[in-house]
Each structure stands twice: as C-alpha cells, then as structure tokens.
Amino acid sequence: MAEPLIKTKRPPQYRTGLTDTGVKKAADKSARTRAREFALQGLYQHLVGQNPPDSIDAFTRDLVGFHKADSAHFDALLHGCIESETTLDAAIIPLLDRKMAEISPVEHAILWIGAYEFTHCVDVPYRVVINECIELAKAFGGTDGHKYVNGVLHKMAPSLRAREVAADQSRQA
C-alpha cells in the first residue's frame, strides 16, 4: 500500500514585494495601462460583434476596475479608433505580411491602439506605445501575437513619429 503524500507548507515570506512563491509582484498598473486594456476590450466588441460605440462605452464603464482607469484616455482610444478605423487600417495594411482578415481581432485592435497613439497621443513616447501594445498582446492575444504586433509597430513608428525615432536612433549610435 502506498503511503499518502503529505504536502509541506511553504515557509512564510518575510521580504516585501514577493508573492508566497518568492516571485516578484508585478507593479500596479498605471491608469493609462488600464485604459488601454478596457479600450482593447471595447474595440474587440466593435470588431467582432459590430456593437455600437455608445453601448460598448456604457458596458465597459460598468466593468470591475474601470474606476482605476484613465477615463479620458479610454474615451480617446475607444471613440478615436472607431471613428478613424479606415485611416488606421490604411496605415497598418501596407505593413502586414497577410490580409487583415487573417489577423486576429485582438491583434487588429491592438494595432489600432498603437497607430492611434502614434498619431494622436504625441505626449506618449513611441517606445512606450510599442511596449504597452506588446504587453496587451501578451496578456490578451495569441501565443506569439506580441511578436507580430512588435514587428508591425516598429515598421510603423518611423513613418508616424519620424523625428522622435530619428532622435532616438542618433542617441543610440
């Protein structure tokens, strides 16, 4: 007869900033990061369900945690992306290696967010835009979706933020 396995209890952690497994805790998300997450969810509803922007907005504002998001940035992203979807797609499509219909709606929405922020949110550095979109793709997208998003946005940045990219490249040289 096999003996029952007895799980030993993990010793308590005395260091702050760690979980009970000893892994470092993720820093609290910024209000803008949360706004991007909620905007992504809303844009997904728009792309997949063809829901009207006002009902998406009302639904999203009732979600748990929305009060921690930057509502002005959320409004700009959600409504701005939906209003300029044709323009955003026109900036994205030439950079793709496949048809837009083959891109998942999550990655499509993330690319909209990136293109919109490159164009309309010049207070956000282009590297931050790319990084935030990569993090969205890691959290919500497919297995390697973040790599695809990264590649497309890195190709897009020089055309939409030419001065900033050039200044960044000259600093690195």
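(A) Representation of the overall build of the protein chain within the structure. Scanning the protein chain for helices and strands turns up eight helices and zero strands. For the protein chain, buried positions account for 40% of its 173 residues. In the protein chain, of all internal contacts separated by at least 6 residues, the share reaching a separation of at least 24 is 65%.

(B) Up close: unusual backbone geometry. Backbone geometry at Q50 places phi at a positive 55 degrees, although glycine is not the residue there. Here Q50 shows up in the loop between α1 (31-49) and α2 (53-61).

(C) Expanded view of the pattern of salt bridges. For the structure shown, the criterion picks out 13 salt bridges. Its salt-bridge partner being R32, residue D123 comes within 3.2 Å of it at the nearest N-O pair. Here D123 is found in the loop between α5 (105-120) and α6 (126-140), whereas its partner R32 is found in helix α1, with 91 residues between them in sequence. The shortest N-O distance in the salt bridge between R36 and E117 comes to 2.9 Å. Of this pair, R36 sits in helix α1 while E117 sits in helix α5, and the two are 81 residues apart along the sequence. Taken together, the shared-partner salt bridges connect R32, D70 and D123 into one network.

(D) Quick peek at the packing of aromatic side chains. Under the definition given, this model contains two aromatic pairs. Taken together, a centroid distance of 5.3 Å and an interplanar angle of 65 degrees make the contact between F38 and F66 edge-to-face. Of the two residues, F38 is situated in helix α1 and F66 in the loop between α2 and α3 (71-83); the sequence distance between them amounts to 28 residues. Neither F38 nor F66 differs from the other in exposure class; each is buried. On the numbers, 5.0 Å between centres and 80 degrees between planes, the contact of F66 with F74 is edge-to-face. With a relative accessible area of 7%, F66 lands in the buried category.

(E) Representation of the environment of I134. Within the element layout of this structure, I134 appears in helix α6. For the pair formed by I134 and I110, sequence separation is 24 residues and the distance between their alpha carbons is 8.5 Å.

(F) Broad picture of the confidence of the model for the protein chain. Overall, the prediction assigns the protein chain a mean pLDDT of 86, with 84% of residues at 70 or greater. When the elements of the protein chain are averaged for pLDDT, helix α8 (residues 162-172) gives the smallest value, 84, and α5 the largest, 95.

(G) Here's a closer look at the state of the cysteines. Tallying each qualifying case throughout the model produces zero disulfides. Of all cysteine sulfurs, the one in C81 lies closest to C121, which takes part in no disulfide; the gap is 8.7 Å. By relative accessible area, which is 8% here, C121 ends up buried. Here C133 is not cross-linked by a disulfide; its sulfur's nearest cysteine counterpart is in C81, at 9.3 Å.

Reading the values: the criteria
- Residues numbered from 1 in each chain as written.
- Predicted model: local features only at pLDDT ≥ 70, side-chain atom pairs only at ≥ 80, totals over all residues.
- Heavy atoms only, no water.
- Helix = DSSP H or I, 4+ residues; strand = E, 2+ residues; numbered from the N terminus.
- Buried < 20%, exposed > 50% of the residue type's maximum accessible area, 1.4 Å probe, protein only.
- Contact = heavy atoms within 4.5 Å.
- Salt bridge = Lys/Arg side-chain N within 4 Å of Asp/Glu carboxyl O.
- Phe/Tyr/Trp six-rings, centres within 6.5 Å; stacked < 30°, edge-to-face > 60°.
- pLDDT = per-residue confidence, 0-100.
- Disulfide = S-S within 2.5 Å.

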